Amino acid sequence: MRKQEVQTGGETSQARGTGSPAEQVKALVDLLPWKSSQGGQTLQASDGTPDSPLGRHNNDSRIHRHREALLGRVGGTPELGSPVHRLASLLLVEGLTDLQLREHDFTQVEATRGGQRPARAITLDRLFLPLSRVSIPPRISITVGVAGMGKTTLVRHFVRLWAQGQLSQDFSLVLPFTFRDLNAYEKLSAERLICSVFPNVGAAGLAVSARARVLLVLDGLDECKMPLDFSNTVACTDPKREIQVDQLVTNIVRGNLFPEVSVWITSRPGAAGQIPGGLVDRMTEIRGFTEEEIKGCLGQMFPEDKTLVGQILSQVQADRALYLMCTVPAFCRLMGMVLGHLYRSRPAPQDPDLWPPQTLCELYSWYFRIALRGEGQEKGRVSPRIEQVAHGSRKMVGTLGRMAFHGLVKKKFVFYEQDMKAFGVDLALLQGALCSFFLQREETLVSSVAYCFIHLSLQEFVAAAYYYSASRRAIFDLFTESGMSWPRLGFLTHFRSAVQRAMQAEDGRLDVFLRFLSGLLSPRVNALLAGFLLTQGEHQGYQAQVAELLQGCLCPNTAVCARAVNVLYCLQELRCTELACKVAGAMGSGALASLTSPSHQAALAYLLQVSDICAQEADLSLGLGQGVLQSLLPQLLYCQSLRLDTNQFQDPVMELLGSMLSGKDCRIQKISLAENQISNKGAKALARSLLVNRSLTTLDLRSNAIGPQGAKALADALKINRTLTSLSLQSNTIKDDGARSMAEALATNQMLSVLYLQKNIIGPLGAQQMAEALKQNRSLKELMFSSNSIGDGGAKALAEALKVNQGLLSLDLQSNSISDEGVAALMGALCANQTLLSLNLRENSISPEGAQALAQALNSNSTLKHLDLTANLLHDQGTQAIAVAVGENCALTSLHLQWNFIQVGAARALGQALQLNSSLTSLDLQENAIGDEGASALASALKVNTALSALYLQVASIGAPGALALGEALAVNRTLEILDLRGNAIGVAGAKALANALKVNSSLRRLSLQENSLGMDGVICIAMALSGNHGLQHINLQGNHIGESGARMISEVIKTNAPLCTVKM
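Rules behind the numbers
Residues numbered from 1 in each chain as written. Predicted model: local features only at pLDDT ≥ 70, side-chain atom pairs only at ≥ 80, totals over all residues. Heavy atoms only, no water. pLDDT = per-residue confidence, 0-100. Contact = heavy atoms within 4.5 Å. Helix = DSSP H or I, 4+ residues; strand = E, 2+ residues; numbered from the N terminus. Buried < 20%, exposed > 50% of the residue type's maximum accessible area, 1.4 Å probe, protein only. Salt bridge = Lys/Arg side-chain N within 4 Å of Asp/Glu carboxyl O. Pairing = 2+ DSSP bridges. Expected span 1.5 Å × (residues − 1). Axes fitted to C-alpha atoms, helices over the stretch in contact; angles between N-to-C directions. Phe/Tyr/Trp six-rings, centres within 6.5 Å; stacked < 30°, edge-to-face > 60°. Lys NZ or Arg CZ within 6 Å of the ring centre and 35° of its normal.

### Concerning the confidence of the model for the chain
So, point 1. When pLDDT is averaged along the chain, the result is 85; 88% of the residues meet or exceed 70.
So, point 2. Confidence over residues 1-55 falls short of pLDDT 50; this stretch has 104 contacts with residues more than four positions distant or in other chains.
So, point 3. This model gives residues 375-383 a pLDDT under 50, and the stretch forms five contacts once residues within four places in sequence are excluded.

Below, the structure written as structure tokens:
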């Protein structure tokens, strides 16, 4: 924020004319709703009280001038490309995570895959308001965001809206400062802080009522030149006393100064950790770009060229590691600038191997080359000779780079003229076009000039370039610039020193610096910067040695730390990817059990962040050992979906996973632990984590050894947990007691929507308890109860629940010993229920009598869409009753009648129903001996039916006549997409009939003629017919006795005739 933007010359004269500096100080202090420690009252103006007409007029006039001055500083309209919509709301978070406190900004983005932790959104207009009717407004608010996320943009946007009267008008005054401003002072008093910067606000006699609110904004805590020490700072309550700036800030935060003023601080996460959590009333976080916002940002950069935007976006998405970083707006713009330039200019003929940039260092090297080529200079200037450019680049790196490097080591990110002089930086050099690509100059409110790198990563790149260059000739430790010198210290010794420093830095501040330093040794970067910063081919003598040195840092540890993962990023920059590729191959082939070394574990942690395979789900099933899992816990925290099936994990591993799920850093939304060896103790450990976890939505514990006690622990957790929506306990042994516990949880839990309890030895009593819960529960949408033994008693209880429950959408009662009595009860409920969409009653004991009840329900129910009656005892009589109901039903879309002893009579009835029905899309009659007559009846229906899209007639005793009828139907039908005729005997004649139909049919997508005695002649007929068919996508011709040579020949014919059709031979 520039001083000259605060006020015009006329405003300055006017402000000074209202009184002496002392009077202005007094008036500005009076302006704040604050009382001194001596209890003195807010002074009133001599020219009128605040409530008098004169006082109100003066007050309104001066606040209006203050608003105009702020608009002069921040601009009346948003900057081009400013992400206003993204900044309209922030994430309300509960403190900082360990990752934010301890790691580099890039590491935070990479570890979390560019995602945000689960958090409630808060709009900008409510940022300083109470969250509820019983709470009070926050006094200390902190907003965090990694470097380049838009914190200063947010502050300017807020100030602009307030000054324009659009936001937070409950604040009488908003006083924005940056720590770049404050750094210019050695000592400062509270009065001087306000008055020296906002003179146009103050005038003799200005005062406001005690109820007015004032907001003090302190932007960029991470740029404060002195760390805040809340433990040892002496309390100061005297607003006139001058103290060190860091002490002034700590006293304001503690409330010793300006106790009634609201304070808003912005910072990078690590620096925000200096402020004790107990002093922070509200913490918010700026979220990064979404995929659509990345696209929108690029579109704003190149509004006139949509093709270019598409090319850049495709290139960004092709590299996951770089794509993740594009969630940071500043990085996204830098990436867009580089790729936009390269796509427009295209690399020179000698540079095709250098395109596109594949690593961070390559991207920044291209940026450096763009800067060297004079991008952004005035048009018409003569391009300097290459020797001049090279000399200028080396001079910049030699001076500016040294300052950047030591600033990085000392956590210094803002530099003033005295800093420049101390490091020997030629101030004239800063005016050049090259420096403008790296540094931004800003005049502070106290007339000093501050410089900072456009983005933290640019400081790190320039610092690495300096260190790389200096290490070739330095005979002392570059980090301290002191110590014993050695005539032959050498580059590798300096590189080893940099690695050691980076590995020892607990906050990871040298991680990206080390990546850049490693990247400068890669062949592609050497080719990019040869002649400018590097010497052609000089990397060749060090690349292998540096790679070996880096891999030597991957020592055994209890956990793979971020420093170890950063080593893999360094190897990637170095273009030594053998280790990562080996582990990636093991992941793809399920051979992780053989990779147990520390280097393999680090590579696995690295792949969890950058691999496309792990982007949606990290699949670590089959052979992951407990030791490896334990080492990976810090990295697994940030996987969205984690699959750990079939790893023989026992209860001790659940203790580890429970601790991970309990961490506030945890971002895991789905975790599958199927087919392990988890018992009650392990279930209890997971249940304890559910009491505090706020991210997990899906937990899969199928096929373990969890009993009633484990189920009770999980159920008790569900009474408190408010995020889990899906729980699978399939194939455990929770029995009736466990079902009762789950039912008790469902009575209060209003989040769980999917519950799988199949194969759990649950009887009628357990079903009755669950039914009672369903009478109260409104959130459960899907209940899987199959393969238990609830019988008719349990079915009756569930039927009573269905009469009142209006939330359940799917009920699975497969294989539960339900007979006609139970079915009658369920069907009675269906007559009243208007929400159930899917009912599975397969593998029970439903006879024709029960089918009558089913038919009555289908006549009255208008919501059920999926009904599965597979493997019951319906016979023709029962199926005919159901068929009549289907003819009138307008809701059912899927009907499964497989293996029900159905014959031709029922098939005719179903054919008649299909001629009337307009909703059924899928009919399954597999394993029923309907014969040719039944097939012919269905074929007649297909000639007029316009709804059915899938017909399954596997093993239905269909021969050539039935196939002939179906072929005639397919010639005119335009809706059937799937026809399954496996296991019949249509022969060559049937094949010819279907082949003739395929020549004209355009709707069929999948056709199965497996095991139909087609022979070579029949298969050839089908293959030749496909030359005129462009709709079929898949055909199965297996088991038709044509031999391997015949199969190969037919496959080639089909590939020629129908290249888009896949064939199984």
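### A few points about the environment of Gly 738
So, point 1. Turning to its location among the elements, Gly 738 is positioned in helix H32 (residues 735-748).
So, point 2. What makes Gly 738 buried here is its relative accessible area of 0%.
So, point 3. Between the alpha carbons of Gly 738 and Ala 711 there is a distance of 5.1 Å; along the sequence they are 27 residues apart.
So, point 4. Those residues in contact with Gly 738 that lie beyond four places of it in its chain are Pro 708 and Ala 711.

### Looking at the pattern of salt bridges
So, point 1. This model, assessed by the stated rule, comprises 32 salt bridges.
So, point 2. Lys 712 is paired through a salt bridge with Asp 716; the nearest N and O atoms lie 3.1 Å apart. Here Lys 712 pairs with Asp 716, and both are found in helix H31 (residues 708-718), just four residues apart, close to one helical turn.
So, point 3. Given a relative accessible area of 29%, Asp 716 falls into the partly exposed group.
So, point 4. Across the pair Asp 868 and Arg 842 runs a salt bridge whose closest N-O atoms are separated by 3.1 Å. With Asp 868 in strand S22 (residues 866-868) and Arg 842 in the loop between strand S21 (838-840) and helix H36 (848-860), this pair connects stretches of sequence that are 26 residues apart.
So, point 5. Its relative accessible area of 22% is what places Arg 842 among the partly exposed residues.
So, point 6. Via salt bridges that share partners, Arg 156, Arg 180, Glu 223 and Glu 442 belong to a single interconnected network.

### Brief notes about the pairing of strand S8 (residues 262-267)
For a regular strand, side chains alternate in direction, first toward one face of the sheet and then toward the other.
So, point 1. With six of its six residues buried, S8 lies for the most part within the structure.
So, point 2. As judged from the five bridges shared by strand S3 (residues 140-144) and S8, these two strands associate in the parallel manner. Note on S8: the bridge partner recorded for Ser 141 is Trp 264.
So, point 3. Looking at chain direction, strand S6 (residues 213-219) and S8 are connected through five bridges and run parallel. Pairing of Leu 218 across the sheet is with Ile 265, part of S8.

### Details of helix H14 (residues 329-345)
So, point 1. The end-to-end C-alpha distance of H14, which contains 17 residues, comes to 24 Å, matching closely the 24 Å that a straight helix rising 1.5 Å per residue would cover.
So, point 2. Counting buried positions over the 17 residues of H14 gives 13, a clear majority of the element.

### Focus on the environment of Ala 674
So, point 1. Of note, Ala 674 is situated in the loop between strand S15 (670-672) and helix H30 (680-690).
So, point 2. Under the relative-accessibility criterion, Ala 674 is labelled buried at 1%.
So, point 3. When sequence neighbours within four positions are dropped, the list of residues in contact with Ala 674 reads Asp 645, Thr 646, Asp 700, Arg 702 and Asn 704.

### As for the sheet that holds strand S4 (residues 171-178)
So, point 1. As summarised here, the arrangement of the seven strands in space is S2-S1-S9-S3-S8-S6-S4, forming an open sheet in which the pairing is mixed. Edge positions in the sheet fall to strand S2 (120-123) and S4, since each has one partner strand and no second. Strand-to-strand twist of the sheet, defined as the mean angle between neighbouring strand axes without regard to direction, takes the value 30°.
So, point 2. Where helix H6 (residues 151-163) meets the sheet, its contacts fall on strand S1 (89-93), S3, S4, S6 and S8, and the angle it forms with S4 comes to roughly 150°.

### What about helix H21 (residues 511-519)?
So, point 1. Taking burial as the measure, the nine residues of H21 include nine buried ones, the bulk of the element.
So, point 2. Three or more residues of H21 are buried, namely Asp 511, Val 512, Phe 513, Leu 514, Arg 515, Phe 516, Leu 517, Ser 518 and Gly 519.

### A word on the environment of Gly 1043
So, point 1. Locating Gly 1043 in the fold gives a position in helix H43 (residues 1043-1057).
So, point 2. Residue class for Gly 1043 comes out partly exposed when judged on its relative accessible area of 47%.
So, point 3. Counting along the chain gives 28 residues from Gly 1043 to Gly 1015, while the straight-line C-alpha distance between them is 9.5 Å.

### A look at the packing of aromatic side chains
So, point 1. Counting across every chain of the model gives 24 aromatic pairs.
So, point 2. Arranged with centres 6.0 Å apart and planes meeting at 40°, the rings of Tyr 364 and Phe 461 form a pair that is tilted. Here Phe 461 lies in helix H19 (residues 456-470) and Tyr 364 lies in helix H15 (residues 360-372), a separation of 97 residues in the sequence. Considered together, Tyr 364 and Phe 461 belong to a single accessibility category, that of buried residues.
So, point 3. Ring plane angle 40° and centroid distance 6.0 Å describe the contact between Phe 491 and Phe 495, whose orientation is recorded as tilted. Residue Phe 491 and its partner Phe 495 are located together in helix H20 (residues 491-504), separated by four residues, close to a single helical turn.
So, point 4. Aromatic rings pair up to connect Phe 106, Phe 331, Tyr 364, Tyr 367, Phe 368, Phe 437, Phe 438, Phe 461 and Phe 516 into one cluster.
So, point 5. Lying over the aromatic face of Trp 162, Arg 67 brings its terminal NZ or CZ to 4.1 Å of the ring centre.
So, point 6. Positioned above the aromatic ring of Tyr 569, the side-chain terminus of Arg 515 is 3.9 Å from the ring centre.

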